[in-house]
Amino acid sequence: MSQLLQTSIEYLKGVGPKRAELLKKGLNIHTFGELMTHYPFRYVDKTKFYTISELHPDLPYIQIVGEFVHIETIGATRQKRLSAIFKDDTGRIQVVWFKGIKFLGSTVRVGVKYVLYGKVNAFNNSLSIVHPELETLVEYKNTLQSTLQAVYASTEKLNNSGLNSKNIVKLQKNLFTQIIGKIPENLSSDIIDRYKLLSREKALIQLHFPKNAEILKRAIFRLKFEELFFIQLELLKLKLINTNKTRGFAFPSIGDYFNHFYEQNLAFELTNAQKRVLKEIRKDMGTGRQMNRLLQGDVGSGKTVVGLMSMLMAIDNGFQACLMAPTEILAQQHYASLSEMLEGMPVKISLLTGSVKVKERRIIHKELESGELHILVGTHALLEDKVKFHNLGLCVIDEQHRFGVAQRARLWKKNSNGVPHILVMTATPIPRTLAMTLYGDLDVSVIDELPPGRKPIETIHWFENKRERLWGVLREQIKLGRQVYIVYPLIDESEKMDYANLQAGFEDVLNKFPRPDYQVSIVHGQMTNENKEFEMQRFVNGETHIMVATTVIEVGVNVPNASLMVIESAERFGLSQLHQLRGRVGRGAEQSYCYLMTGYKLSDDGKLRMKTMTETNDGFQIAEVDLKLRGPGDLSGTQQSGVPVNLKLTNLAKDGQMIEIARNAAKDILDKDPNLQLPEHQPILAFAREQQRGKTNWSRIS
Ligand code: ADP
Ligand code: MG
């Protein structure tokens, strides 16, 4: 980056030490460059004025011109506000401020023409505008240069210190006067031509001071492109490093284990999606480059058998394999189902969890090191240093979101002679575009097809008034010999209220379903692991009819006889969590049901979540809605890749197509010039380096 852009913001005309401090603390702006990339978050269309008689609450932000006829401060200290009446030739509207009362009270004048900008609200059948921005008509005319006026995010503190959006516009003007002609390009001219992009400088100028809507659109496109391009470049580069520098084991042949399993043991026909994914995995592991693959598939799509057949490929080539699950129960279930599927085959398989006794453990360690053991199934216990393999060729990780980057790194160390292939299986559907960004350094396979004959789960949304009918539904299902889950929200285990609700709910259920006719289990996060396992196991074995639980049962558990899932206070769960919970039923041949119980008062989001759940069983469709509802803001929590995703302009929910375009552009560049050595790629390299500074480098382990 040019020296100029590194200049401390203090030295910009109109800033100085005091304002510099405010900009640093309030907006994290330290340098010229950071102010330059402090982007507007919306624009005022200066060409459009409304009259007061035209106003209604469904309008976007609007602009009106008129004057105040009355201004007064009302209310006591806490609810104090400034209330005013604003009028034009067509009518009057109330205007209210809750903050900055003193300043506004002493500056806003009755009888002077103002331009007001804000959002119209309807309250008690009358219209008002809360916290509008305002400017005298004289000021307004003076600053009118373009038809669109940038509006910047500011903070209350900055506003009160005279650094509101308008003043930031002034600073931007000062800045651009100084840096114009000196903003370096960061893309190659080839890319700029091919994608018809504005130059970086032009795009930045137009973003801050757009001449019209048309060119603003192009400016935003260019800057989004750039944002995504550099993320994709980094991700693809990581992938390249993994591919080239990390030696993997080549599994060239499919042998007896795989073939025998396929011909003799496999009880069903694989779905086309399963076949396709197996081919992808086979191809990966055949090349000798180390595989890092994410396998996505909705709950019940049949990921386990794909994991098993991949492990058989490893065994066919003389290697060992392991399968790691996030909980003891899941590990046990996997062990049981793999053993059953492998019945009659000479495959040696063991289970290693925290509760395996020392004596047994020693045997496992020994057989692992000698290579006698083919498959080891387990929990995090697999990661302990004592667990050493003879030659681990493939590690399958189930439900990856419980495994962090650091744990993956430990896996890498299990072999001295190379890094095992890694297959991460997840039932959390991620929209494709998002996967490209979050997991861009992994390869992604998708099972997008359920095994035939599955009955879609019927989902019903009920309010509290149907409570008695709900108990009736439970009785019916139990009478048919089925089992029932009732799930309570317990988002944070320390939330006392939730815990009280759970206990009250449990007692309620016990009252309605008394012993000895009914057996009820409870599982929650405040129980010891041992007790949890015990209760879960009773339910798995069919000894209890009803499982009252918190979300601890969310992941993976397989009880095919359970046909009814009741989710209490369903409005408090996110969409993907609701979908995961629902996936606990519908695993057997029987028709299954999911009842979403909510309070009467639902937010718009809440309504949409319930509607989505009752309308579709498709995890990917649900994930798309979820992403749109939650927005990309929540990404850091789910982020798996080594590249921090910090997007200023791009909305991952809406800009899916842009991601693909940028990814392709980055791929073209790296294909041609992996180390960015060509002269025309120097601007790209310089900028990428600049961005890299200060970032943790996770490339080796992600
Ligand atoms: P998940 O993807 O949620 O881990 P599982 O691997 O547990 O799903 O599979 C769910 C059930 O579907 C299992 O009982 C499994 O045996 C069965 N299954 C998997 N693939 C097929 C198939 N192609 N045809 C029929 N049943 C299948
Ligand atoms: Mg599974």
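Residues numbered from 1 in each chain as written. Chains lettered and ligands numbered in written order. Predicted model: local features only at pLDDT ≥ 70, side-chain atom pairs only at ≥ 80, totals over all residues. Heavy atoms only, no water.

## Digging into helix H15 (residues 358-370)
In plain terms, the rule: A run of H or I in DSSP counts as a helix once it spans at least four residues, and a run of E counts as a strand once it spans at least two, with each numbered from the N terminus. To estimate the expected span of a helix, subtract one from its residue number and multiply by 1.5 Å. Working definition: with a 1.4 Å probe on protein chains only, accessible area under 20% of the residue-type maximum means buried, over 50% means exposed, and in between means partly exposed. Any two residues whose heavy atoms approach within 4.5 Å are treated as being in contact.
Taking 1.5 Å per residue as the helical rise, H15 with its 13 residues ought to reach 18 Å, and the 18 Å between its terminal C-alpha atoms agrees with that figure. Along H15, the residues that are buried comprise Arg361, Ile364, His365, Glu367 and Leu368. Residues of H15 that are buried sit in contact with strand S11 (320-324), strand S12 (349-352) and strand S13 (375-378). Just downstream of H15, Gly371 is the residue with a positive phi angle, here 90°.

## What about the sheet that holds strand S3 (residues 81-88)?
For clarity, the cut-off: Two strands are said to pair when DSSP picks up at least two bridges between them. Here the axes come from fitting lines to C-alpha atoms, over the contacting stretch only for helices, and the angles between their N-to-C directions go from 0 to 180 degrees.
Taken in spatial order, the 7 strands make up an open sheet running S6-S7-S4-S3-S2-S5-S8, and their pairing is mixed. Strand pairing shows two members of the sheet lacking a second neighbour, strand S6 (120-123) and strand S8 (133-136), which therefore form its edges. Each adjacent strand pair in this sheet contributes to an overall mean axis angle of 45°, direction not counted. Direction of pairing for strand S5 (residues 113-118) relative to S8: antiparallel, over a ladder of 4 bridges. When the bridges of S8 are listed, Val115 appears paired with Glu135.

## What to know about the packing of aromatic side chains
Put simply, the test is: Only rings of Phe, Tyr and Trp enter the pairing, Trp through its six-membered ring, and a pair is recorded when the two centres are within 6.5 Å. The plane angle decides the type: under 30 degrees is stacked, over 60 is edge-to-face, the rest tilted. A ring is scored as having a charge over it whenever the NZ atom of a lysine or the CZ atom of an arginine sits within 6 Å of its centre and within 35 degrees of its normal.
The full count for this structure, using the stated rule, is 16 aromatic pairs. When the ring of Phe463 is compared with that of Tyr600, the centres are 5.3 Å apart and the planes differ by 20°; the resulting orientation is stacked. Of this pair, Phe463 sits in strand S17 (residues 458-463) while Tyr600 sits in the loop between strand S22 (593-598) and helix H22 (604-615); the two residues are 137 residues apart in sequence, bridging distant segments of the chain. Residue Phe463 is classed as partly exposed on the basis of its relative accessible area of 28%. Cation over ring: Arg475 sits above Phe513, and NZ or CZ is 5.3 Å from the ring centre. Sitting above the plane of the Tyr39 ring, Lys648 keeps its charged end 5.6 Å from the centroid.

## Considering the state of the cysteines
Going by this rule: Here, a disulfide means two cysteine sulfur atoms that sit within 2.5 Å of each other.
Considering all chains together, one arrives at 0 disulfides under this definition. Looking at the unpaired Cys322, the closest cysteine sulfur is the one in Cys395, lying at 3.1 Å. Judged by its relative accessible area of 1%, Cys322 falls in the buried class.

## Comments concerning the sheet that holds strand S19 (residues 520-523)
Taken in spatial order, the 6 strands line up as S17-S22-S21-S18-S20-S19 in an open sheet, and their pairing is parallel. Edge positions in the sheet fall to S17 and S19, since each of these pairs with one other strand and no more. Across the sheet, the mean angle separating the axes of adjacent strands is 20° when strand polarity is ignored. In this fold helix H18 (residues 467-479) packs onto S17, strand S18 (483-487), strand S20 (546-549), strand S21 (562-567) and S22, with an angle of close to 160° to the strand it touches most, S21.

## What about unusual backbone geometry?
Of note, the amide linkage connecting Arg515 to Pro516 takes the cis form, showing an omega dihedral of 0°. Note that Pro516 resides in the loop between helix H19 (496-512) and S19. Its identity as a non-glycine residue notwithstanding, Ser569 has a phi of 45°, on the positive side. Its location among the elements puts Ser569 in the loop between S21 and helix H21 (575-582).

## Details of the site of ligand 1
This is how it is decided: Any residue with at least one heavy atom within 4 Å of a molecule or strand is counted as near it. Pairs of N or O atoms are called polar contacts if they sit within 3.5 Å, as long as, within protein, a hydrogen donor faces a hydrogen acceptor (for residues adjacent in sequence, only side-chain-to-side-chain pairs). Accessibility throughout is a Shrake-Rupley quantity obtained with a 1.4 Å probe, and a residue counts as covered only by protein chains that appear here. Each residue receives one of three labels: charged for Asp, Glu, Lys and Arg, nonpolar for Ala, Val, Leu, Ile, Met, Phe, Trp, Tyr, Cys and Pro, and polar for the others, Gly being one of them.
Residues in contact with ligand 1 amount to 15 residues; listed here are only the nearest, Glu269, Gly300, Lys303, Thr304 and Arg454. Within the contact set of ligand 1, an oxygen atom lies 2.6 Å away from a side-chain nitrogen or oxygen of Thr304. At 3.5 Å, a side-chain N or O of Arg587 approaches an oxygen atom of ligand 1. Contact with the protein chains removes 76% of the 570 Å² of surface that ligand 1 exposes when unbound. Residue composition of the shell around ligand 1, by class: 4 nonpolar, 6 polar and 5 charged.

## Here's the deal with the environment of Thr136
Secondary-structure assignment places Thr136 in strand S8. In this structure the C-alpha to C-alpha distance between Thr136 and Val115, which are 21 residues apart in sequence, comes to 5.9 Å. If we ignore the near neighbours within four places in the chain, the residues touching Thr136 are Val112, Lys113 and Tyr114.

## Here's the deal with the domain arrangement of the protein
The line we're drawing: Boundaries between domains were set according to an automatic or database domain assignment.
Partitioning the protein into domains gives domain 1 (47-145), domain 2 (256-285 + 302-426) and domain 3 (458-616). Between domain 1 and domain 3, the C-alpha centre-to-centre distance is 50 Å.

## Details of the pattern of salt bridges
Worth spelling out the cut-off: Definition used for salt bridges: Asp or Glu carboxyl oxygen within 4 Å of a side-chain nitrogen of Lys or Arg.
As enumerated under the stated definition, the model contains 24 salt bridges in all. A salt bridge links Arg361 to Glu384; the nearest nitrogen and oxygen atoms lie 3.5 Å apart. Placement of Arg361 in helix H15 and of Glu384 in the loop between S13 and strand S14 (392-398) is noted, with a sequence separation of 23 residues between them. Under the relative-accessibility criterion, Arg361 is labelled buried at 16%. Between Arg538 and Glu535 there is a salt bridge whose closest N-O contact spans 3.4 Å. Of this pair, Arg538 and Glu535 both sit in helix H20 (residues 529-540), 3 residues apart, roughly one helical turn. In this structure Arg538 comes out as buried when scored by relative accessible area, which is 18%. By sharing partners, the salt bridges in this structure join Glu280, Asp284, Arg289, Arg293 and Asp443 into a single network.

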